Amino acid sequence: MPDTKQGAGSGAWGAESDQQTDMNWIDLRSDTVTHPTPEMRQAMAQAEVGDDVFGDDPTVLRLEKLAAERMAMPAAVFVASGTMGNLAAVLSHCQRGDEIILGDKSHTYLYEAGGVSALGGVHTRAIPNQADGTLRLEDIQAAIRADDEHFPISRLIVLENTHNSSGGAVLTPDYMDSVSAIAKEHGLKLHLDGARIFNASAVLRVPVSALAESVDSVTFCLSKGLCAPVGSVLCGAEEFIQRARRARKQLGGGMRQAGILAAAGIVALDKMVDLLSEDHARARRLAEGLQALPAISLEQDPPPSNMVYLKLDPKAGITTSDIIQRLGKDGIKLIARDEYRMRLVVHYWIDEAAIDRVIQGFARATVAS
Ligand code: TLP
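Here the structure is a predicted model, which means the values were calculated and not measured. (Residues numbered from 1 in each chain as written. Predicted model: local features only at pLDDT ≥ 70, side-chain atom pairs only at ≥ 80, totals over all residues. Heavy atoms only, no water.)

> So what's going on with the overall build of the protein chain? Residues and values would help.
When its secondary structure is counted, the protein chain shows 16 helices and 12 strands. For the protein chain, whose C-alpha radius of gyration is 21 Å, the value lies close to the compact-globule estimate of 21 Å for 369 residues. For the protein chain, the spread of C-alpha atoms along the three principal axes comes to 60 × 55 × 35 Å. Sorting the 369 residues of the protein chain into buried and exposed places 54% on the buried side. A sequence separation of at least 24 residues applies to 72% of the contacts in the protein chain between residues at least 6 apart. Entry remark: accessible area of the protein chain is about 15,400 Å², with carbon and sulfur atoms responsible for 50%. (Helix = DSSP H or I, 4+ residues; strand = E, 2+ residues; numbered from the N terminus. Rg over C-alpha atoms; globule rule 2.2 N^0.38 Å. Buried < 20%, exposed > 50% of the residue type's maximum accessible area, 1.4 Å probe, protein only. Contact = heavy atoms within 4.5 Å. Areas by Shrake-Rupley, 256 points an atom, 1.4 Å probe, with all protein chains shown as cover.)

Written out as structure tokens, the structure reads:
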């Protein structure tokens, strides 16, 4: 698939780079698999750099300024990953022995290697994530500790938008406001894991700042649907971001000529955000095609954003490993959640023809069972 997509850049350099960005494979394991666009590679090659730990990499400073503006927050710090952004946020909001309230299906609780506890001495209080990715307000209220020496100190609430394990569900600004009101009432801070906050903003058709308005800090990822090769940004108040810079240094995330990476992040913010709704439309088309197959049902119908969570009917006698093996032969990469459940993530490098190929692949694989 030669790269002719809008926003991906063209011209002599772009044409030469086709080989590097040519995607003959179809990879639906995640949107983390996205490669940088030719325009990003060009910006990276030409990036002006300095030593970012000394605070003098102009491209990193430009990215941080742009990110803070987009979120309508005073300051921002470029970090290596979403995991590092969330961890630096928790370390900057909390002391050892403090407690954070978060969803039992949140990325921070499930998939960040327990970093907040291992490295921050922070206790986690997990409460049930609802099917729509929210935490019930009454569950949050009930989880806030009384002032008693037996208890850890409730310090922070963490939300996630879009909510990965809830099928890419989208939290609304109203919901965020309600949680923020509870946090304020009890003197807690509110952090948003906004790894895919731009997807949420595209679904709701609201500026991304409307989703960050009521939180104290937000992490968002450049390296998922926005296609940058590396990096996330943590945004918040000036003094909070100063603490987060120290946390980043402690975590070994003080990078030097990181402008090479930040340059791709700037292209991501300038050029890729408006394309996310195309991924969402393709995810819906993929879901429709798969749902029409007798062995398959959807966990979220229609898919809320760029993820399709599906279930195989155990009676059909086919498992996710069978599917992975059979579609692998067609050059389609997939990943299972368990024996019968899968997540397919649509992203910039998945075009209409790829959607057709995947639906056909599933049709063959499930009929053959
Ligand atoms: N999620 C990855 C895997 O780790 C599961 C994926 O494929 O979806 N917050 C959210 C909501 C995420 O989905 C992820 C990555 C992160 C944070 C961490 O980002 P990175 O991978 O940059 O550390």
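That covers the picture; the talk isn't over yet.
> Quick one: what's the story with the sheet that holds strand E10 (residues 307–312), residue by residue and with numbers?
The strand order across the open sheet formed by 3 strands is E9-E10-E12, and the pairing between neighbours is antiparallel. Of all the strands in the sheet, just strand E9 (296–298) and strand E12 (341–345) have a single pairing partner and so form its edges. Mean inter-strand twist for the sheet, computed between neighbouring axes without regard to direction, equals 35°. As paired elements, E9 and E10 share 3 bridges and run antiparallel to each other. Counted as the bridge partner of Leu298 is Leu310 from E10. Relative to the sheet, helix H15 (residues 320–328) contacts E10 and E12, its axis offset from that of E12 by approximately 40°. Lying over the sheet, helix H16 (residues 352–367) contacts E9, E10 and E12, oriented at roughly 160° with respect to E12. (Pairing = 2+ DSSP bridges. Axes fitted to C-alpha atoms, helices over the stretch in contact; angles between N-to-C directions.)

> An account of the site of the ligand is requested, with residue identities and associated values reported.
In the vicinity of the ligand lie 14 residues, with Ser30, Thr83, His107, Asp193 and Arg196 positioned nearest. One of the side-chain nitrogen or oxygen atoms of Asn164 is found 2.9 Å away from an oxygen atom of the ligand. Separating an oxygen atom of the ligand from a side-chain N or O atom of Arg343 is a distance of 2.9 Å. The protein chains hide 81% of the 510 Å² of surface that the ligand would expose on its own. Spatially, the ligand is embedded in the largest pocket. Split into classes, the residues belonging to the shell around the ligand amount to 1 nonpolar, 7 polar and 6 charged. (Near = heavy atom within 4 Å. Polar contact = N/O pair within 3.5 Å; in protein donor to acceptor, adjacent residues only side chain to side chain. 1 Å grid on protein atoms, 1.4 Å probe; cavity = no way out; pocket = protein on both sides within 12 Å on 5 of 7 lines; lining within 4 Å. Sits in = over half its atoms within 2 Å of the grid points. Nonpolar A, V, L, I, M, F, W, Y, C, P; charged D, E, K, R; others polar.)

> Now, about the domain arrangement of the protein chain: what can you tell me, with residues and values included?
The assigned domain composition of the protein chain is domain 1 (26–35 + 275–365) and domain 2 (39–271). On a C-alpha basis, the centroid separation for the pair domain 1 and domain 2 is 28 Å. In this assembly, 19 residues from domain 1 lie in contact with 22 residues from domain 2. Surface buried jointly by domain 1 and domain 2 totals about 1,500 Å² across both partners, of which 51% is contributed by carbon and sulfur atoms. Counting across the domain 1 and domain 2 interface gives 1 salt bridge. In this structure, the salt-bridge partner of Asp31 is Arg196, at a minimum N-O distance of 2.8 Å. Between domain 1 and domain 2 we count 7 residue pairs in polar contact (both at pLDDT 80 or more) in total. Where the side of domain 1 that touches domain 2 is concerned, the elements lending two or more residues are helix H14 (276–291) and E10. (Domains from an automatic or database assignment. Buried area = accessible area lost by both parts, 1.4 Å probe. Salt bridge = Lys/Arg side-chain N within 4 Å of Asp/Glu carboxyl O.)

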